[in-house]
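For reference, the chains in residue letters:
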Amino acid sequence: GSIVHRALRFAFAALAGVALACVAFAADYDIRTFGATGDGKTLDSDAINRAIEAAAAAGGGTVRFPAGTYLSFSVRLKSHITLQFDAGATLLAATPAPGFGGYDSAEPNEWGDKHQYQDFGHSHWRNSLIWGENLTNIALIGPGLINGTKGLVRNAGFGGGRGGRGGRGRGPDGTSPPTAAPAAATPTPATPPSSNGLGNKAIALKNCRNVTLRDLSLLMCGHFALLATGVDQLTIDNVKVDTNRDGFDIDACRHVRISNCSVNAPGDDAIVLKSSYALGEARPCENITLTNCQVTGYDAGSFFDGTFKRTMERAADRDGPTGRIKFGTESNGGFKNITITNCVFDRSRGLALETVDGGVIEDITISNLVMRDITNAPLFLRLGNRARGPAGTPVGAIRRVHISNVTEKNADPRY
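Bear in mind the structure is a predicted one, so any value in this text is a computation, not a measurement.

### Quick look at the overall build of the protein chain
The helix and strand inventory of the protein chain stands at four helices and 28 strands. Put simply, the protein chain has 415 residues, and 55% of those count as buried. The contacts of the protein chain with a sequence gap of at least 6 include a subset with a gap of at least 24, amounting to 68%. Just so you have it, the protein chain exposes about 16,400 Å², and 53% of that area is on carbon and sulfur atoms.

### Topic: the sheet that holds strand E5 (residues 75-76)
Read across the sheet, nine strands follow the order E5-E8-E11-E14-E17-E20-E23-E25-E27 without closing on themselves; strand pairing throughout is parallel. On the outer flanks of this sheet lie E5 and strand E27 (379-383), each paired with one strand and no other. Sheet topology places strand E17 (residues 246-251) next to strand E20 (residues 271-275); four bridges connect them, and they run parallel. Paired with Asp-249 across the bridge in E20 is Val-272.

### Comments concerning the packing of aromatic side chains
All told, the structure shown has 12 aromatic pairs when counted by the stated rule. Taking the centre distance of 5.8 Å and the plane angle of 80 degrees together, the rings of Phe-65 and Tyr-70 count as edge-to-face. The buried category is assigned to Phe-65, whose relative accessible area is 0%. With relative accessibility at 0%, the residue Tyr-70 sits in the buried group. With 5.4 Å between their ring centres and 75 degrees between their planes, Trp-111 and Tyr-277 make a pair best called edge-to-face. Here Tyr-277 lies in the loop between E20 and strand E21 (285-291) and Trp-111 lies in helix H3 (residues 110-113), a separation of 166 residues in the sequence. The exposure class assigned to Trp-111 is partly exposed, which follows from its relative accessible area of 25%. The class of Tyr-277 is buried, set by a relative accessible area of 12%. Taken together, Tyr-298, Phe-303, Phe-304 and Phe-308 form an aromatic cluster joined through their ring pairs.

### Some details on the state of the cysteines
Applying the stated criterion across every chain yields a total of zero disulfides. Unpaired in terms of disulfides, Cys-261 finds its nearest cysteine sulfur in Cys-293, a separation of 4.7 Å. Exposure remark for Cys-261: the relative accessible area of 1% places this residue in the buried category.

### Here's the deal with the nonpolar core
Ranked by internal contacts, the top residues of the largest apolar core, which has 79 residues, are Leu-83, Ile-130, Ile-146, Phe-248 and Ile-250. Among the elements that take part in this core, strand E26 (residues 360-374) stands out by supplying six residues, more than any other. When residues no more than four places from it in sequence are discounted, the contact partners of Leu-83 are Ile-52, Val-63, Phe-65, Val-75, Leu-77, Ile-130, Ala-139, Leu-140 and Ile-141. Formed by six residues, the second largest nonpolar core is a distinct cluster that contains Trp-125, Trp-131, Ala-204 and Ala-278.

### A word on the pattern of salt bridges
Summed over all chains, the structure comprises 22 salt bridges. Salt-bridge contacts for Arg-324 lead to Asp-269; the nearest nitrogen and oxygen are separated by 2.7 Å. Highlighted residues: Arg-324 in the loop between strand E22 (294-296) and strand E23 (325-331) and Asp-269 in the loop between strand E19 (262-264) and E20, separated in sequence by 55 residues. A salt bridge links Lys-326 to Asp-269, with the nearest nitrogen and oxygen atoms 3.9 Å apart. Of the two residues, Lys-326 sits in strand E23 while Asp-269 sits in the loop between E19 and E20, which places them 57 residues apart along the sequence. A single salt-bridge network, built from bridges that share partners, covers Asp-28, Asp-30, Arg-64 and Asp-86.

### Let's talk about the side chain of Thr-235
Position of Thr-235 relative to the elements: it lies in strand E15 (residues 232-237). Here Thr-235 falls in the buried class, since its relative accessible area comes to 12%. Within the structure, Thr-235 has its side chain in polar contact with the side chain of Arg-257 (distance 3.1 Å). Apart from the residues within four sequence positions on either side, Thr-235 is in contact with Val-211, Thr-212, Leu-213, Arg-214 and Arg-257.

### Quick look at the pairing of strand E18 (residues 254-259)
Pairing analysis gives five bridges linking E15 to E18, with the strands arranged parallel. Looking across to E18, one finds that Asp-232 is bridged to Arg-254. Pairing between E18 and E21: five bridges, direction parallel. The residue bridging Ile-258 from the neighbouring strand is Leu-290, located in E21.

### Let's talk about the confidence of the model for the protein chain
Per-chain confidence: the protein chain averages 87 in pLDDT, with 83% of residues scoring 70 or above. Under a pLDDT of 50 for its full length, residues 18-26 has, in the predicted model, zero contacts with residues more than four places off or in other chains. Contacts of residues 157-192 to residues separated by more than four positions or lying in other chains number 87 contacts, the stretch itself having pLDDT below 50.

### Concerning the environment of Ala-204
One can find Ala-204 in strand E11 (residues 201-206). C-alpha of Ala-204 to C-alpha of Ile-130: the two residues are 74 residues apart in sequence and 6.3 Å apart in space. Excluding anything up to four places from it in sequence, Ala-204 contacts Trp-125, Ser-128, Ile-130, Trp-131, Gly-132 and Leu-227.

### So, unusual backbone geometry
Looking along the chain, the bond that leaves Gly-142 and enters Pro-143 is cis, with omega of 15 degrees. Considering the arrangement of structural elements, one finds Pro-143 in the loop between strand E9 (136-141) and strand E10 (145-147). The linkage connecting Gly-328 with the following residue, Thr-329, adopts the cis geometry, with an omega of 5 degrees. Within the secondary structure, Thr-329 is located in strand E23.

Conventions we followed
Residues numbered from 1 in each chain as written. Predicted model: local features only at pLDDT ≥ 70, side-chain atom pairs only at ≥ 80, totals over all residues. Heavy atoms only, no water. Helix = DSSP H or I, 4+ residues; strand = E, 2+ residues; numbered from the N terminus. Buried < 20%, exposed > 50% of the residue type's maximum accessible area, 1.4 Å probe, protein only. Contact = heavy atoms within 4.5 Å. Areas by Shrake-Rupley, 256 points an atom, 1.4 Å probe, with all protein chains shown as cover. Pairing = 2+ DSSP bridges. Phe/Tyr/Trp six-rings, centres within 6.5 Å; stacked < 30°, edge-to-face > 60°. Disulfide = S-S within 2.5 Å. Core = buried A, V, L, I, M, F, W, Y, C linked by side-chain atoms within 4.5 Å. Salt bridge = Lys/Arg side-chain N within 4 Å of Asp/Glu carboxyl O. Polar contact = N/O pair within 3.5 Å; in protein donor to acceptor, adjacent residues only side chain to side chain. pLDDT = per-residue confidence, 0-100.

Okay, here's the thing in structure tokens:
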């Protein structure tokens, strides 16, 4: 009897192991199984999105990018999905062309298209290489590369209204994209200007919760490497960015941890907290920790290749390399309960805390900063009244801000 019982226990254990193995296998969705080629020439967008949809239909799982180069337009995230980029895996942003395809169109946003309370880029999310909205429990993990060099543009040629910045609609190489729509003088209310299939963000997330980015590298990401708007419980760790405009834009987010990241952004801000009106409310950016990060303004691309070039003299707004940590300029909801510690600035602008759209900056602790070759003021605090928001927007305030242990070398003497 004992021999039979032992045999049955062994059989049941083996069956349970097989079942667990099947569950584990089912939770890992290799995009090549869904038709992705990884040859860098064939468009793999449909295969990637099929893998994501299959994982989501099963309740969630890991969508894996094995080594290879995957040419793609918009990748549409779903809840309970992890995108895993293996070593040697590259998601390569494709270049839109007639008959070939393009990125998803920018969705309507009354608060951007009609009122123009913030720039076009801050008002839309779907015209991106990777996007998601109203999602829970998502992650993008490395050590692979997201490369927007050929496919993402700095502002997709959009202009018009307040903050359209049509003059900054340049391609990654500084030339105007051939398929860009001309800047409109006044956008049609509640309808975004045509994006003509162009994409201007590597990753865009709106109204999401429980989000992790870890161990990734991002190269030449257009307007934003990451635009996170209304994202709560966001963790960004050990992410490396070398880009031609903004690195991380953390807009109206709560409970955010950014750590151990390196962001090279000579043409705009490296790590910037914002609180725009893009969600139709003045939502603060609050409960943020930023620690152990480096921000720089070396020539774009020279951080990743290790040459750390310093030939660039002017940024897009004619004032030298940017690459800084900043609050604002979009500041409707304000910035509250934030700590920044142990960060290095090199060949960049200094730390900027700005509120000009009615928000309050309060309860901020900043310590242990090291700066070198700062191209403007090492510390810049601004209380202004641009009032880009609903009628009656008041002047904001700056209070309870503590800055300590800042070391700076070779600042521009004009500042």
